[in-house]
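Residues per chain are reported as follows:
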2 protein chains.
Amino acid sequence: MKIQPLKGMRDLLPHEQALRDHIQGEILATYRAAGFQRISTPILEDMENLDKSDGGDNLNLIFKVLKRGDKLEAALQSGDEKALSDMGLRYDLTLPLSRYYAANRDKLPAPFKVIQTDRVYRAERPQKGRLREFVQCDIDILGDASPNAEVELVDVTARALLHIGFTDFTVNMNDRRILRAMLAAMGFAADSLDSVCVSFDKLDKIGPAGIHAELLEKGFPAGAADKLDEFLRQGDFSLERVANACGDPSLADGLRYLLRQSEAVAAGRYKVAYCPSLVRGQGYYTGMVFEVSCPQFAGAVAGGGRYDHMVGKFLGQQVPAVGFSIGFERVCGILLEQGYHIPGAKEALALLYGPEADFAAVLTQAEALRETYNVTVLAQAKKLGKQLAALEAAGYQGAAFAGKSEIKHFAKAE
Amino acid sequence: MKIQPLKGMRDLLPHEQALRDHIQGEILATYRAAGFQRISTPILEDMENLDKSDGGDNLNLIFKVLKRGDKLEAALQSGDEKALSDMGLRYDLTLPLSRYYAANRDKLPAPFKVIQTDRVYRAERPQKGRLREFVQCDIDILGDASPNAEVELVDVTARALLHIGFTDFTVNMNDRRILRAMLAAMGFAADSLDSVCVSFDKLDKIGPAGIHAELLEKGFPAGAADKLDEFLRQGDFSLERVANACGDPSLADGLRYLLRQSEAVAAGRYKVAYCPSLVRGQGYYTGMVFEVSCPQFAGAVAGGGRYDHMVGKFLGQQVPAVGFSIGFERVCGILLEQGYHIPGAKEALALLYGPEADFAAVLTQAEALRETYNVTVLAQAKKLGKQLAALEAAGYQGAAFAGKSEIKHFAKAE
């Protein structure tokens, strides 16, 4: 039998799990103190829901669950590959949340401030070092169309990151509507804007010349591509200049508000910045998008945006919605690399017992010691000195012995 | 699009999730204080591993994940239904743990005292009210062949149940080896004992006459069935009588030790009992099995046993192992029904702001209030009285107002 986990998935060792549990607890504490409420949804979703979810490239990465029994037989006879499966593993927490809100909103407060921390699945190529199973840590506000919802999500997410020890990070923001209006004003057709945005998003990597070449290659009108190129070459990407380029400077009012308010709330604890090329991959975002970047990691450690049309797909009635997701794997990876120390746990003792001990009495002694310590009950080895050294190396702070009251505290390493 | 979760799976409302998070935290705290360490493994496992895992009926309930791309094409062409899938959703946490231990044991302490709390999947018939996705909460000790491992698991699991408010429960125990020896001595063939045990397990439901009829129907030798019937009709199911019936009373020494030690540790806080018909469904148990029963629930709220041959399947070398699993869904269901109160949370305030407020200042005020309260920021409604009544009904203990220092505490309901 195979002893390794499946490709792109991970076994977590005790010290990794302890860090994750602690970090998740700290993030949840920040979220809960701000009145957000945790929910959860099944890991499996209806396949049709997933297919129609505007998930962009993620739709190609869905793990599908095989039908069973008679339904599988019928599907195999039909020869239709799509019919083989009627449910799949969720690729994010936003689609399930939208379905959940539609199903349960009579029982939920308005606006609904919600937490989800849970596993999601994407059939990425494991060769690239990407995970196929990973945890996301999301907060969302549903039922609030005001830009204050964005301001609050940025505040709460940023404070969660501060709380777990991130400091030197930037919350980058953009409004897809401004970017689209600018591109439309330059002569790109309305239904081609998503594709142009994908190229534009690569500004940092391939520069203006690269974008120009890619747009021409994609067959966009040379006039439009030239105008964008000219704009990019001038290099001033202030919000004012972009707003002017889209013909209606008032389009930028929402983003100006978000930037100004977020900067005031940040009060210098983190940076807030306008990022004109920020788009984010998902098709479901309708306006503001944001991402957190930090010097320790090349990609984003958190990302989100407004998705005002997703709940409406389930409910037949629009519900404004905005969310911010912390990339939990990335955050934990960075903290683990930095040698993060989990504070405030009780001292760990080993309670050793010999073959002659009455085990029930040993457990009763352990229970009494647990008022003060975390206590692991272990059989005493023949070579006690070697065992004590191994326990100290494993992180125990001391040892106690069955039937004896004294405790041997290991010398503190410094 | 479909707004309900898939059949047999559940959306959790905020108050349900809050209870689950609290209960899981309390159980984890008991486990960790006893030196157990949490790990986690992927929800997906290799299909071959699952197939060969001795999971009993659960093997028929595995959700299989469809292959993708070229591999799927090849499988469809082959016409072999089994080839359509190479991974599946785990049906328990014991198989993944055995694989994990084989893969990681160089990095793990010996004995390894381990916690898992996570989701598992079984394609049960939802009509019966059974869940297809549910959480198990397991502790296991690997690498310890001594019966003290069983004594400790019973102690720690029982204390976790006490800690979350269960009181009137019984830990039922049996040793499969005694039961099998007794049945063999009565004339049942060695390779038929599992099937006899399945019938015997129904003693409470169908009585001796029912078991006799079922055994004859299954085609077992009438002589053996008669002997068992005679034994059952006498009604004295003491361990001593069963041990005598199996020909070698010393076979019961291990179980006698477990019962005596567990009773001493329990010290009257819960009951410990020998249950001669206890078998448990999984094929992988090799000796002791245990279950927790309580008056609030017809089935077991926890169950486990020793499985000394499972890790060996992965490692090619036997590693003794024993585990105890709390049925988290059942436990939470019972507590929710009893109106369990989550103790010790901070008082919840709503901070209300009008349209003229500076939102950054509102968030800064909220942050200061969070030293003392959990604070939800909300836009003030036009009808303030109605809003305050709704907040009180939703569980808030008071309200504060943007730019003002006084706090309106709602009258305590009693």
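Quick caveat: nothing in here was measured; it's all calculated off a predicted structure.

Right, let's talk about the overall build of chain A for a bit. When helices and strands are tallied, chain A shows 15 helices and 15 strands. Counting only residues that meet the buried cut, chain A has 44% of its 414 residues in that class. In chain A, the proportion of contacts linking residues at least 24 apart, taken out of those at least 6 apart, comes to 68%.

Turning to the domain arrangement of chain A, a few remarks are in order. Note on interface size: it is often stated as the accessible area lost on association of the parts. Parsing chain A into structural domains produces domain 1 (14-175 + 257-337) and domain 2 (348-409). A C-alpha centroid distance of 45 Å is found between domain 1 of chain A and domain 2 of chain A.

Confidence along chain A averages 93 in pLDDT terms, with 99% of residues attaining 70 or more. By mean pLDDT, the top-scoring element of chain A is strand E1 (residues 37-38) of chain A (98), and the lowest-scoring one is helix H7 (residues 193-200) of chain A (84).

Another aspect to go through is the pairing of strand E5 (residues 112-121) of chain B. All names here are of chain B. Extensive coverage of E5 is indicated by the burial of eight of its ten residues. Pairing analysis gives two bridges linking strand E1 (residues 37-38) to E5, with the strands arranged parallel. In the sheet register, Arg 38 faces E5, and the bridge partner there is Ile 115.

An α-helical turn contains 3.6 residues, so any two residues separated by three or four positions project in the same direction. All names here are of chain A. Burial analysis of helix H4 (residues 94-104) places nine of its eleven residues in the buried class, the great majority of the element. Taken together, the buried positions of H4 are occupied by Thr 94, Leu 95, Pro 96, Leu 97, Ser 98, Arg 99, Tyr 100, Tyr 101 and Ala 102. Where H4 is buried, its residues touch strand E2 (44-46), helix H2 (47-51), strand E5 (112-121), strand E6 (133-142), helix H12 (310-315) and strand E11 (321-327).

Here we take up the relation of the copies chain B and chain A. When chain B is fitted to chain A, the residual RMSD is 0.1 Å, and the transformation amounts to a turn of 180° plus an axial shift of 0.0 Å. On this basis, the relationship between the two copies can be described by a two-fold rotation axis. Of every C-alpha in chain B, the one belonging to Val 65 of chain B sits nearest the axis of rotation, 2.2 Å from it. Residue by residue, 100% of the interface of chain B is reproduced at the interface of chain A, so both copies engage with the same surface.

The next thing to look at is the interface of chain B and chain A. Listed as interface residues are 69 residues of chain B and, on the opposing side, 69 residues of chain A. Sorting elements by how many residues they give to the side of chain B that touches chain A places helix H1 (residues 14-33) of chain B first, with six residues. Per-class residue counts for the side of chain B that touches chain A are 35 nonpolar, 14 polar and 20 charged.

Calculation criteria
- Residues numbered from 1 in each chain as written.
- Chains lettered and ligands numbered in written order.
- Predicted model: local features only at pLDDT ≥ 70, side-chain atom pairs only at ≥ 80, totals over all residues.
- Helix = DSSP H or I, 4+ residues; strand = E, 2+ residues; numbered from the N terminus.
- Buried ≥ 20, exposed ≤ 12 C-beta atoms within 10 Å, placed from the backbone.
- Contact = placed C-beta atoms within 7 Å.
- Domains from an automatic or database assignment.
- pLDDT = per-residue confidence, 0-100.
- Pairing = 2+ DSSP bridges.
- Least-squares fit on C-alpha atoms with pLDDT ≥ 70 in both.
- Nonpolar A, V, L, I, M, F, W, Y, C, P; charged D, E, K, R; others polar.

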